[in-house]
Amino acid sequence: MSFDFDRVELADVSRHFGRRRAVSHVSLTLHAGDIVGLLGPNGAGKSTLIGMMATLVTPSSGTITYGGTPGVRDGASIRARIGVLAHELHLYPELSARQNLDFFARLHGMRPATVVNDALAGAGLTDRSDDAVSSFSRGMRQRLALERTLIHAPRLVLLDEPFTGLDDRAVRIVSDRLRALAAAGGIVLVATHDLDVADGLISRMAIVRSGRLLSDAAASSGLRRQYRALVEGA
Amino acid sequence: MFFRIALLVLKKDFAIELKSYEILSTTAFFAVSCVAIFSFAFVKEGQAVEDAAAGILWIAIAFAGTLALGRTFERERYGETLKALLLAPAPRPAIYLGKLLGIVMLLFATEVLLVPMVAFLFNAPLFDRPVLLLALLALGTIGYAAVGTLFAAMLVRARTRDVMLPILLYPITIPVIIAGVRGTSALLQSPPDEPMATLWIALLGFFDVVFVTLSLWTFEPLMTE
């Protein structure tokens, strides 16, 4: 049976790039079923935190464990259960939507025949499946990248600004998708500046500023007011 | 798993290249131009300067290789797809091996054009010992590309990557280039010095084992920030 986990724990995690402190002494636990909003101003350390949880960036100090297993010990097995959608979309523009999904499905040991058509349908790109990604609009690429992120049914889903370039309908579809993922036991972390979309979607909010975790609390309505009070009042 | 991922990465690079032939055409054009320009300088009245053919063949391979390495990893930089590869649930050295195989195949394709051109322009009997020449080219290309692939991957996020790649790559790969040039020169002597060529081939084999092993070993720590 493949490796799986039901929580991700960051314990006193810091990351320095030379003398610059990107993340400083962050402790945070994400549980199955959570949709955690990672909020904070530009340069707060959100992308570095996502990079560390994705095993792409090594913490300078502290530990990250996946169901109790340190990320450094069993990297490949842990990565099999992680899906990442970053600022850049991790798509090959020269290849078609189908070729991109086929490649990433195979990379994760999936049988493309069973998952690629579903993913194309999920992205609403069945009709454009053989077109090069370079011919797609930003919103179409974003939808395709989200399907690429989820194609291997990851346990931990790390999304950095997933709503960029999406129209209202696509935002609703993506939000519903994330809720379904969490309801099925996924751990979803969404870094976003779009507080209106995050309001009502996230179940917890972790607010970071200058690399430090300012708040980790249950999200309630009026997210923007809470965010302003914490970030601008801090 | 390891070789499946390496082949998958190779197939993906091949599929992208088939869409445009961009890297193959620019690399081949650059290498051919390089040899043509050298032929104007080193061939006088139909006679080439002694040993020039071997040196020019390997200089063209090295320069074209640098171009191919830069362009190949530029593709992975756009869209940060290299990160997506590193997120695969596979041993990260398998990603390195896949990229290396792609670069080696690209350089082999360039050499298919280069070798007859050098033989013709420099009146060099390169095809008298085809098996030994093949061994020199194959092992030299693998050694050069092994180091180049590692450095190009490391530099993919660096702003000065275009400058840094040759600065790092050429000093480290000097043993490979020297072995390639000396081995090819031995083949171009009349009669061909087969024992000397074989010695350089053996040295190239040794360099390849060292460079590929070190690169596979260091790829993961070097690619993790």
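Quick caveat, the model's predicted, so the values are computed rather than measured. Residue indices begin from 1 for each chain and proceed along its sequence in written order. Written order determines the labels here, with chains lettered from A and ligands numbered from 1. Restriction of local features to residues with pLDDT of at least 70 applies here, the model being predicted, together with a cutoff of 80 or more for giving and counting side-chain atom pairs; totals for whole chains, interfaces and linings are based on all residues. Side-chain descriptors were evaluated using all non-hydrogen atoms of the structure, hydrogens and water having been removed beforehand.

**Some thoughts on the overall build of chain A**
Starting at the N terminus, helices and strands are each numbered in turn, a helix being any DSSP run of H or I of at least four residues and a strand any DSSP run of E of at least two. For chain A, the count of helices and strands is eight helices and ten strands. All radius of gyration figures rest on C-alpha atoms, and the globule criterion is 2.2 Å times the number of residues raised to 0.38. Taking 234 residues into account, the globule formula puts the C-alpha radius of gyration at 17 Å, and chain A, at 17 Å, falls close to it. Each of the three principal axes of chain A carries a C-alpha extent, and together these read 50 × 40 × 35 Å. Counting contacts in chain A only where the partners sit at least 6 residues apart, residues at least 24 apart contribute 67% of the total. As presented, chain A carries roughly 9,800 Å² of accessible surface, and 47% of it is formed by carbon and sulfur atoms. Positive: Lys, Arg. Negative: Asp, Glu. His and the chain ends are not part of the count. Working definition for charges: the position is that of NZ of Lys, CZ of Arg, CG of Asp or CD of Glu. A distance of 5 Å separates the average location of the 28 positive side-chain charges in chain A from that of its 24 negative side-chain charges. For this analysis, residues touch if any pair of their heavy atoms sits within 4.5 Å. The Shrake-Rupley method, run with a 1.4 Å probe, gives the accessible areas here. Residue values count only the displayed protein chains as cover.

**Comments concerning the overall build of chain B**
In terms of helices and strands, chain B carries eight helices and two strands. Walking chain B from its N terminus toward its C terminus, one meets helices and strands in the order α-α-β-β-α-α-α-α-α-α. A compact globule built from 225 residues should have a C-alpha radius of gyration of about 17 Å, and chain B, at 18 Å, falls within 12% of that. For every residue, the accessible area obtained with a 1.4 Å probe (protein chains only) is divided by the maximum for its type, and the residue is called buried under 20%, exposed over 50%, and partly exposed between those limits. A total of 225 residues make up chain B; the buried ones form 52% of that total. Taking all contacts inside chain B whose residues are at least 6 apart in sequence as the whole, residues at least 24 apart take part in 83%. Averaging the locations of the 16 positively and 17 negatively charged side chains of chain B gives two centres separated by 11 Å.

**Concerning unusual backbone geometry**
Cis rather than trans, the peptide bond between B:Ser190 and B:Pro191 has omega equal to 0°. Mapped onto the secondary structure, B:Pro191 falls in the loop between α7 (161-188) and α8 (194-223). Despite not being glycine, A:His25 has its phi angle at roughly 50°, a positive value. Looking at the secondary structure, you find A:His25 in strand β2 (residues 20-31). Residue class for A:His25 comes out partly exposed when judged on its relative accessible area of 46%. Even without being glycine, A:Ser210 reaches a positive phi, approximately 50°. Among the structural elements, A:Ser210 can be located in the loop between β9 (204-209) and β10 (212-218).

**Focus on the environment of B:Ala135**
Residues and elements named next belong to chain B. Summarising the element assignment, Ala135 is placed in helix α6 (residues 130-154). Exposure remark for Ala135: the relative accessible area of 23% places this residue in the partly exposed category. Along the chain, Ala135 and Lys12 lie 123 residues apart, while their C-alpha atoms are 27 Å from each other.

**As for the sheet that holds strand β1 (residues 7-17) of chain A**
All names here are of chain A. Two strands pair under a simple rule: DSSP has to find at least two bridges between them. Spatial strand order, β2-β1-β4-β5: four strands in an open sheet with antiparallel pairing. Single-partner strands in this sheet number two, and they are β2 and β5 (69-70). Both strand β4 (residues 61-66) and β5 contribute to a ladder of two bridges, which runs antiparallel. Bridge pairing in β5 places Tyr66 opposite Thr69. Note on definitions: angles span 0 to 180 degrees between N-to-C directions of axes, and those axes are lines fitted to C-alpha atoms, for helices only across the stretch in contact. Set on the sheet, helix α1 (residues 46-53) makes contact with β1, β2 and β4; between it and β1 the angle comes to about 120°.

**Topic: the pattern of salt bridges**
A pair is scored as a salt bridge if a Lys or Arg side-chain nitrogen falls within 4 Å of a carboxyl oxygen belonging to Asp or Glu. Applying the stated rule across the entire model yields 23 salt bridges over all chains. The partner of A:Arg106 in a salt bridge is A:Asp102, and the shortest N-O contact between them spans 2.7 Å. Placement of both A:Arg106 and A:Asp102 in helix α3 (residues 97-107) is noted, with a separation of four residues, approximately one turn of the helix. When its relative accessible area of 23% is taken as the criterion, A:Asp102 is described as partly exposed. In this structure, B:Arg77 engages B:Glu74 in a salt bridge whose closest nitrogen and oxygen atoms are separated by 2.9 Å. Of the two residues, B:Arg77 and B:Glu74 are both situated in helix α3 (residues 52-77); the distance of three residues between them amounts to about one turn of the helix.

**With respect to the nonpolar core**
Definition of nonpolar core: a set of buried residues of the types Ala, Val, Leu, Ile, Met, Phe, Trp, Tyr and Cys, connected through side-chain atoms within 4.5 Å. Formed by 110 residues in total, the largest nonpolar core has its most connected members in A:Val8, A:Leu30, A:Leu49, A:Tyr66, A:Leu156, A:Leu158 and B:Phe122. Broken down by element, this core gets its largest block of residues, 13 residues, from helix α5 (residues 92-121) of chain B. Setting aside anything within four residues of it in sequence, one finds A:Leu30 in contact with A:Asp6, A:Arg7, A:Val8, A:Val36, A:Met53, A:Leu156, A:Ile187, A:Leu189 and A:Arg204. Counting 44 residues, the second largest nonpolar core, distinct from the first, contains A:Ala182, A:Ile207, A:Leu223 and A:Val231.

**So, helix α5 (residues 138-150) of chain A**
Residue and element names in this part refer to chain A. Relative to the 18 Å expected for 13 residues at 1.5 Å per residue, α5 spans 18 Å between its end C-alpha atoms, a close match to the ideal helical length. A large share of α5 lies buried, amounting to ten of its 13 residues. Considered for burial, the residues of α5 that qualify are Gly139, Met140, Gln142, Leu144, Ala145, Leu146, Glu147, Arg148, Thr149 and Leu150. Residues of α5 that are buried sit in contact with β6 (82-85), α3, α4 (112-122), β7 (156-160) and α6 (168-183). Expected span of a helix, by definition, is 1.5 Å for each gap between consecutive residues, and there is one gap fewer than residues.

**Here we look at a nonpolar patch on the surface**
Like-charged residues are merged into a patch within 9 Å and nonpolar side chains (Val, Leu, Ile, Met, Phe, Trp, Tyr) within 5 Å, provided each residue has over 30% relative accessible area and no salt bridge. A surface patch of nonpolar side chains, about 680 Å² in accessible area, is lined by B:Met196, B:Leu199, B:Leu203, B:Phe206, B:Val210, B:Leu214 and B:Trp217. Position of B:Val210 among the secondary structure elements: in helix α8.

**Considering the packing of α7(B) against α8(B)**
Residue and element names in this part refer to chain B. Packing of α7 against α8 brings their axes to within 8 Å, and their N-to-C directions diverge by 160°. By the angle between their directions, the pair α7 and α8 is classed as roughly antiparallel. The crossing of α7 and α8 is left-handed. For the pair α7 and α8, the contacting residues are Ile172, Pro175, Val176, Ile178, Ala179, Gly180, Arg182, Gly183, Ala186 and Leu187 in the first and Met196, Ala197, Trp200, Leu204, Phe207 and Phe211 in the second. Residue polarity is assigned by list, with Asp, Glu, Lys and Arg as charged and Ala, Val, Leu, Ile, Met, Phe, Trp, Tyr, Cys and Pro as nonpolar; anything else, Gly included, falls into the polar class. Residues of the contact of α7 with α8, tallied by class, amount to 13 nonpolar, two polar and one charged. Between 65 and 115 degrees an angle is taken as roughly perpendicular, under 35 as roughly parallel, over 145 as roughly antiparallel, and anywhere else as oblique. Here a crossing is called left-handed whenever its near helix is offset anticlockwise from the far helix by less than a right angle, and right-handed whenever the offset is clockwise.

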